[in-house]
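# Descriptive structure summary
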Amino acid sequence: MNCGCAESYIGPPLTDTCGGGAFVIFMGLLDSFLRKKCEISEICQRVAPRLSPDSEYDFVVIGGGSGGAAAAGKLAQVEGWKVLLIEAGGDEPPGSQVPAMVVNYFGNPDLDWNYQTEPEPVACQGFPEKRCTWPRGKVLGGCSVINGMMYTRGTPRDYEKWVQADNPGWSYEDVLPIFKRFEDNQDIGSFVEAKYHGVNGPLTTSRFRHQPQLAFDVLRAAEEIGQNVTDDLNGEKYMGFSIAQSNTRHGVRLSSARAYVRPQRNNPNFHLMLNSTASKILLGSGKRQANMVEFIYKGATYRVRVRKEVVLAAGALNTPQILLLSGIGPKEELEKVGIAQVHNLPGVGRNLQNHVAFYMGYKLENRPATSDLDWATALDYILYQNGPMSSTGLSQVTARINSPYADPSGTDPDLQIFFAGYTANCATGSIGDPEDPEHPLAKKDFTVSPVALHPKSRGYVGLHSSNPLDAPKMVANYLSHPDDVRVLVAGIRVIQQLANTTILRESYGMAPDHEEYGECLSKHRKDTDAFWSCAVKYYTGPENHQACSCKMGPKSDPLAVVDNKLLIHGLNNVRIMDASAMPVLVSGNTHATIVMMAERGVDFIKEKWLEANTIEERLGQDSQRSPGVQAPVKQSASYSFNRGPSFPAAFQHSDAFHRQNPHLPNPYFGYNGKYAGLSVYYNPHSYNQAKHQHKDSDLDYSTKPYSSRRKTDYEQF
Ligand SMILES: Cc1cc2nc3c(=O)[nH]c(=O)nc-3n(C[C@H](O)[C@H](O)[C@H](O)COP(=O)(O)OP(=O)(O)OC[C@H]3O[C@@H](n4cnc5c(N)ncnc54)[C@H](O)[C@@H]3O)c2cc1C
């Protein structure tokens, strides 16, 4: 298969993403086929990254994730606007574009920041050092490259709350047209209605092309216990159990980068720096105008001048970090690490919100744990992009429901339910082979998780040091408010009812995997509310929807960081377009809402810069550039790389921890020794070996040759 361009090598391969040597040959072959299938790998559609930036841009976008890739792609469409996108990670490997490989790259340092919280006071008590693990995408496309692809907006009430928090212009009526504008919904007329969905936008949306039978049977079970079932959680009936729509196109993951950035590949005004870490935004002498962005690339520091605006989109954890590194934030936090305050904004890094979950493991006594991936299903995907590889298995099922503690109006659901299992992501290739070669007689298993949608606990993001290459300090503070525990326990009761339905119990033999949860069983009677309250604190499910750490709000709100046009209070030309700017966390997965915010952010920029505004309106009072600074300023960097303690491989835990605790729940799989057999570890040893082999044989492991382009302009190594 020839894709019609010089074949670039974008790593890392799937070979190293499945623990255990038994998988290496098949996964290696599969990876090669995926790379050579042009519709899947889109090897010729990638934007060639630059080797160095130009000195000046109209817009500099920091972070190429859900929000940043959308913002950069949209800004670059405007004729005459020159845009630089700075992304800390590399390009998306073909393997991660396969929906079934949804967890394969967790923990892989080429794609995942692999963050750990500080030791938690209440939650994550059963994990090493009581830290929760947060996978975060460090790759062009950000978390939209490693997320579950579930397309879920907030509920109408969520956006009402944004307006109630004094953010005019963000009501459901305001944001619905934006959601419709960027969608290209393939299911209108079948599962969803045109009243709520759009076509011809960049974000192709549809149900996955494959569902395991169990997905439909879970919906039947939900009906049996009197729960609502709906076809569209983003439509009229936004509550109930459902098979969700996904962010995929033709059976392949549609990250923000694929949707918004790749179409700019031939745009000479769009520049991309990969593997480049933004370290600072520099303000002019009046301290109201950003005029430079500093970043580190291959050990050297660069500064680029900004003619119009900076868009900060490094995500809910790194956006506050970059502001703090720039001296923008609360004085006490800056003083701790010796950074001089440049602009006082007490809310930077505060008010961190995240959903919180608990993983309940179940076995299916009547189903052997055979692999959903084999030569036949692989062929189905490679030839037609169909079959189990084109979906996330049971993870596409979800529910949004009311617990007894939900708002009595019934319109503000406080519980989501996630499912996980039946994922075709690692195999030896033979049909009927066990999922885990070390446990050939194991039964199929999966997890079901209650998720608290309106947590009252708040965390924060701060700094460990002034080194931009260090991880930020992250405190989740999960379950520090007792109401969050109560909601999770209510969710556990719904899941227990579900497991006890005729269809799941009798036909599948669904039965709980029992667990003591540290001291919980010795302290509390089994299956009491007190027992489960203890358990959720022990093996807390640290969800992936971090948000609100630079929240939108009026100037009168001491914690507000941006105004309702996403502009940082007190600055004329820095906007935030990522999860951190949400004023209140939405009731569901966050990607779609973040894309909507970025789309709107670009609208605000266009309103300002394309209309006939005065120079003062556009630039504010501090419109002069700081004198005497040339861009780019290339200096040798003095930063050392220290990300603090990190656990090399795991989705939630270290390799050693998995081995010692084979019963530990995992949100994407069940229990039963899967850690030994399945993908969730990354093996640094074999990875490094592969990397060196590829280097030796002239394959470019990190960011591709793009040899058809001028060597001097583009990143080659
Ligand atoms: C495992 C997982 C599963 C999820 N599942 C779903 C789901 O199914 N559906 C859904 O809607 N949402 C899901 N989410 C949540 C959703 O993907 C995220 O909320 C969303 O992608 C965050 O978007 P963002 O733009 O705020 O940040 P990100 O997408 O994280 O983007 C930030 C980008 O900035 C880059 N960056 C950071 N620091 C710097 C720096 N200093 N310099 C340069 N670049 C930098 C990062 O590398 C990254 O690319 C999931 C998230 C995860 C992690």
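We now turn to the structure provided with this report. Bear in mind the structure is a predicted one, so any value in this text is a computation, not a measurement. (Residues numbered from 1 in each chain as written. Predicted model: local features only at pLDDT ≥ 70, side-chain atom pairs only at ≥ 80, totals over all residues.)

### Examining the overall build of the protein chain
- In terms of regular secondary structure, the protein chain is built from 19 helices and 27 strands.
- Residue burial in the protein chain is summarised as follows: out of 717 residues, 58% are buried.
- Partitioning the contacts of the protein chain with sequence separation of at least 6, the portion at a separation of at least 24 is 75%. (Helix = DSSP H or I, 4+ residues; strand = E, 2+ residues; numbered from the N terminus. Buried ≥ 20, exposed ≤ 12 C-beta atoms within 10 Å, placed from the backbone. Contact = placed C-beta atoms within 7 Å.)

### Points about the site of the ligand
- In the region of the ligand, 42 residues are neighbours, and G63, G65, G142, G148 and N589 sit closest.
- Of all the secondary-structure elements, those providing two or more residues to the shell around the ligand are α3 (66-76), β12 (276-283), α8 (315-325) and α15 (591-610).
- With 4 residues, the top contributor of residues to the shell around the ligand is α8. (Near = placed C-beta within 6 Å.)

### Some details on the pairing of strand β20 (residues 415-420)
- Across the 6 residues that make up β20, a large majority, 6, are buried.
- On β20, burial covers both faces: L415, I417 and F419 on one face and Q416, F418 and A420 on the other are all buried.
- Examined bridge by bridge, strand β19 (residues 397-401) and β20 share 4 bridges and lie antiparallel to one another. Along β20, the bridge assignment pairs A399 with I417.
- Direction of pairing for β20 relative to strand β21 (residues 443-452): antiparallel, over a ladder of 6 bridges. Paired with L415 across the bridge in β21 is A452. (Pairing = 2+ DSSP bridges.)

### Regarding the environment of G329
- Locating G329 in the fold gives a position in strand β15 (residues 328-329).
- With 29 C-beta atoms packed within 10 Å, G329 lands in the buried category.
- Measuring from C-alpha to C-alpha, the distance between G329 and C550 comes to 9.9 Å, with 221 residues separating the pair along the chain.

### A word on the environment of R505
- Looking at where R505 falls in the secondary structure, it is placed in helix α12 (residues 502-507).
- Assessed through the 16 C-beta atoms surrounding it within 10 Å, R505 is described here as partly exposed.
- Separated by 139 residues in sequence, R505 and N366 have C-alpha atoms that sit 9.5 Å apart.

### A look at helix α11 (residues 482-499)
- Look at α11: 26 Å from first C-alpha to last across 18 residues, which is about the 26 Å you get at 1.5 Å a residue.
- Considered for burial, the residues of α11 that qualify are D484, V485, V487, L488, A490, G491, I492, V494, I495 and L498. (Expected span 1.5 Å × (residues − 1).)

### Digging into the packing of helix α5 (residues 172-182) against α15
- Two elements in contact, α5 and α15, have axes separated by 10 Å at closest approach and are oriented at 100 degrees. By the angle between their directions, the pair α5 and α15 is classed as roughly perpendicular. In this structure, α5 contributes V175, I178, F179, R181 and F182 to the contact, and α15 contributes A592, V595, M596, E599 and R600. (Axes fitted to C-alpha atoms, helices over the stretch in contact; angles between N-to-C directions. Parallel < 35°, antiparallel > 145°, perpendicular 65-115°, else oblique.)

### A few points about the pairing of strand β6 (residues 203-207)
- Across the 5 residues of β6, 5 count as buried, placing the element largely inside the fold.
- One ladder, built from 3 bridges, connects strand β5 (residues 183-185) with β6; its direction is parallel. Pairing of E183 across the sheet is with L203, part of β6.
- Summarising the sheet, β6 and strand β8 (residues 245-246) pair through 2 bridges and their orientation is antiparallel. When the bridges of β8 are listed, S206 appears paired with S246.

### Some words on the sheet that holds β5
- In space, the 3 strands of this open sheet follow the order β5-β6-β8, with mixed pairing throughout. With one partner strand each, in any of the chains shown, β5 and β8 form the two edges of the open sheet.

### Section: unusual backbone geometry
- Residues other than glycine seldom take positive phi values, yet N200 does so here, at roughly 75 degrees.
- Here N200 shows up in the loop between β5 and β6.
- In this model, Y517 sits at a positive phi of 55 degrees, which is unusual for a non-glycine residue.
- Considering the arrangement of structural elements, one finds Y517 in the loop between β24 (510-512) and α13 (520-523).
- For Y517, a count of 21 C-beta atoms within 10 Å gives the class buried.

### Focus on helix α4 (residues 156-164)
- Of all the residues in α4, the buried ones are D158, Y159, K161 and W162. Along the axis of α4, the buried residues cluster in a sector spanning 150 degrees; they form a single face.
- Each element contacted by the buried residues of α4 is listed here: α5.
- Among the residues trailing α4, D166 stands out with phi positive, at a value near 70 degrees. (Arc of directions from axis to C-beta.)

### Let's talk about the packing of α3 against α15
- Following both chains from N to C, one finds α3 and α15 inclined at 35 degrees, their axes separated by 8 Å at the closest point. Crossing of α3 over α15 shows right-handed handedness. Contacts between α3 and α15 involve S66, G67, A70, A71, K74 and L75 from the former and H591, I594, V595, M597, A598, E599, G601, V602 and I605 from the latter.
- Considering only residue class, the contact of α3 with α15 consists of 9 nonpolar, 4 polar and 2 charged. (Left-handed = near helix turned anticlockwise from the far one by under 90°. Nonpolar A, V, L, I, M, F, W, Y, C, P; charged D, E, K, R; others polar.)

### A word on the environment of V24
- Mapped onto the fold, V24 is located in helix α1 (residues 24-36).
- Residue class for V24 comes out partly exposed when judged on the 17 C-beta atoms lying within 10 Å of it.
- Along the backbone, V24 and C426 are 402 residues apart, and their C-alpha atoms lie at a distance of 9.4 Å.

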